[in-house]
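For reference, the chains in residue letters:
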Amino acid sequence: MPLAFKHEKTKIESTPHHNEKAGRAESCNSYNPCSTINAYLPKKGYPKYDGLIWQNLGPFMILPVTGSAQAEAMWFFEYISIKHLNGYRPCKSWRKTLMFFSQTVPSVRYAAVALALIHRNYLYRDSSDRMRQPQSSRDWLRDNAPLSHYNRAIRLLLDQESGNSTEETAVTLLVCYLFTCFDHLAGNYVQAVKHLRGGVELSRDTDKAILDNNSTYDNSEPSEVCTLIYQVTRQIRRLDMQAVLFLVDWTPVDIQETFVPQFPPDGTFPSLDLAADHLQIVVAQVMRLRHTVQQMSPMDRMPPTLLSLKDIVLGQLETWLSSFKNTLRQGRSYETGSETYPLVSLLRLQHTVACILLSCCGPGREMDYDNFLPQFQQCVALAGELAAAHERYPETLRPTFTPEIGIIPLLYIIGVKCRHPMVRREVLSFLREQPTQEAVWDSISAARVVERVIQIEEGGFEDGQMIQSMEQIAAFQRIEALSWVHVASGQSAVRLDISYTFCAREGLHIESLLI
């Protein structure tokens, strides 16, 4: 179900499910599901574990804090923003790295302050508590303050002296990551994607340079710079892999179209974190295959080649699940202290939704989703576990924004593809209870679209009367392909421009929704 966003005159087509034909890029025509990356496993010359950087950091001078406003922003970045960025997969060593370089490198400092300022704006955008904040807090909530620090970080990057190119690259990658987060929060989705793509390309080029320069980097004790690049590359490439859930023509850079996924030879993942990385690869393959199928006419049948590819990817999902279960049986845990997010439930939810999407992949197959009601109900139960865990967070630490993709697109897919009236309305409840943003996905917009789909598909029934079963919605009443453009213009109300087609019917329908 594609989702499209617009920033000024540039449009990004995004898709957690289907896509419009106009949004198709040529890169998808060469789709090959037998592709993989190394799932972020350390390569030659990279550290074996993230925490190593704290043994090797050189002596840097801590930057002075200029004014109470910057001090408050840095406090907010350290105790609120950093923890939100990795809300789904907390990593203490990564947070320490971000904090260290924001304290010691001017460009990273300004990028961190800019992110903290706009994040605070985001948190208090609808809160009456905002006006009760201390005067100093209101000072740094001025609209121009985040952008001012953002531009300052850019200038410092451009003006940095030409020294160790690898160190400069490491700092640039860190700033690129923070800018991606900033522009997601600012609603500048096109710019956020540009930062992401630039960061991925830069990390890939640096990766090649490090691996080629064996005389410098082929050591048993890798330098702190290499360790930093490994850490930030891991974060950026994770965002790159997840972008297929909202960009129609996105092909993750690390997907190599030559090999089948390299699952653990012993059938057990070393950790849940690596299990999550492997699942992202397979989910990316699911989405790319669906993008390809959605270019077909509603009256066409899937060609044998695509059917064969579909079976291959389903096999990859089965292999992942077997290894995942072995990992759980052996008790290999995902340890992050008191901040542990229920990653097991999230991975089960992601895997189940991916299996349903791929099983029903093909034109005119909307009725097939009804066969997966037990799986949809299981997904709702898993979503309930995640929501309960969310409520256990202290209020200030409940994730409200993350550049990573978690639960929102999954709930959206369930809401538009499961026609069971109670399941749909439970999904709406989850989306509306706690406003959250994951990259370009925000729960309120997703809920508004799901709500509209329900109105359209159940529109033939009496007002105020909920349908009793899925079978009451005939195939020709079901929306098959849906996309939307998120439009914000000046001070006017935010709206969603949606377009959709019905199952096995020609014709595109367009309308606007106010949020």
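An unreviewed UniProt entry annotates the protein chain as Transcription factor domain-containing protein of Aspergillus lentulus.

**Let's talk about the overall build of the protein chain**
A tally of regular secondary structure across the protein chain gives 17 helices and 8 strands. Expressed as a percentage of the 515 residues in the protein chain, the buried residues total 57%. Put simply, 76% of the contacts in the protein chain that link residues at least 6 apart link residues at least 24 apart. When the accessible surface of the protein chain is summed, it comes to about 21500 Å², and 52% of that surface belongs to carbon and sulfur atoms.

**Let's talk about the sheet that holds strand 3 (residues 401-402)**
Strands sit in the order 3-4-5 across an open sheet of 3 strands; the sheet is mixed. Because the sheet does not close on itself, it has two edges, and the strands there are strand 3 and strand 5 (441-442). In this structure, strand 4 (residues 437-438) lies alongside strand 5, joined through 2 bridges in antiparallel fashion. Bridging across to strand 5, glutamine 437 finds its partner in aspartate 442.

**A short note on helix 2 (residues 68-85)**
Here helix 2 contains 18 residues, and its C-alpha end-to-end distance of 24 Å stays within 8% of the 26 Å for a straight helix at 1.5 Å per residue. Its axis deflected by about 45° at phenylalanine 77, helix 2 carries its strongest bend there. Those residues of helix 2 that sit buried are Gln70, Ala73, Met74, Phe76, Phe77, Ile80, Ser81, Ile82, His84 and Leu85. Looking at the buried side of helix 2, the elements it contacts are helix 3 (92-104), helix 4 (106-123), helix 6 (144-159), helix 7 (165-186) and strand 3.

**Here we look at the pattern of salt bridges**
Tallying each qualifying case throughout the model produces 19 salt bridges. Across the salt bridge formed by arginine 238 and glutamate 404, the nearest N and O atoms sit 3.3 Å from each other. Taken together, the residues arginine 238 in helix 10 (residues 224-242) and glutamate 404 in the loop between strand 3 and helix 15 (408-417) connect sequence positions 166 residues apart. On the basis of relative accessible area, glutamate 404 is assigned to the buried category, the value being 2%.

**Here we look at the nonpolar core**
One finds Tyr177 and Tyr412 to be the most contacted residues of the largest nonpolar core, which totals 136 residues. No other element matches the 12 residues that helix 11 (residues 272-293) contributes to this core. The contact partners of tyrosine 177, leaving out residues within four places of it in the chain, are Leu85, Asn86, Trp94, Leu98, Val232, Gln235, Ile236, Leu239 and Pro403.

**So, the pairing of strand 7 (residues 495-502)**
Burial analysis of strand 7 places 6 of its 8 residues in the buried class, which makes it a mostly covered element. Where strand 7 folds back onto strand 8 (residues 509-514) in an antiparallel hairpin, the turn is made up of 6 residues, including alanine 504, whose phi is positive at roughly 55°.

**A word on helix 16 (residues 421-433)**
Relative to the 18 Å expected for 13 residues at 1.5 Å per residue, helix 16 spans 18 Å between its end C-alpha atoms, a close match to the ideal helical length. Considered for burial, the residues of helix 16 that qualify are Pro421, Val423, Arg424, Val427, Leu428 and Leu431. Buried residues of helix 16, viewed axially, fall in a sector of 165°; they line one side. Here the buried face of helix 16 lies against helix 14 (373-392), helix 15 and helix 17 (443-457).

Thresholds applied
Each chain has its residues counted from 1, following the order in which its sequence is written. Given that the model is predicted, a residue must reach a pLDDT of at least 70 before its local features are reported, and side-chain atom pairs must reach 80 or more before they are shown or counted; all residues, however, enter totals for whole chains, interfaces and linings. The basis for the side-chain values is all heavy atoms of the structure; hydrogens and waters are excluded. Secondary structure elements follow DSSP: runs of H or I of four or more residues count as helices, runs of E of two or more count as strands, with numbering from the N terminus. When accessible area is computed with a 1.4 Å probe and restricted to protein chains, residues below 20% of their type maximum are described as buried, those above 50% as exposed, and intermediate ones as partly exposed. Contact definition: two residues touch when any of their heavy atoms are within 4.5 Å. All accessibility values rest on the Shrake-Rupley procedure with a 1.4 Å probe; residue burial counts only the protein chains present in the view. A pair of strands counts as paired when DSSP detects no fewer than two bridges linking them. For a helix, the expected span equals 1.5 Å multiplied by the number of residues minus one. Two axes enter the bend calculation: one fitted to the seven residues ending at the residue in question, the other to the seven starting there, and the bend is the angle between them. Salt bridges are identified by distance alone: a Lys or Arg side-chain nitrogen within 4 Å of an Asp or Glu carboxyl oxygen. By nonpolar core is meant a set of buried Ala, Val, Leu, Ile, Met, Phe, Trp, Tyr and Cys residues that side-chain atoms within 4.5 Å join together. The directions from the helix axis to the C-beta atoms form the arc being described.

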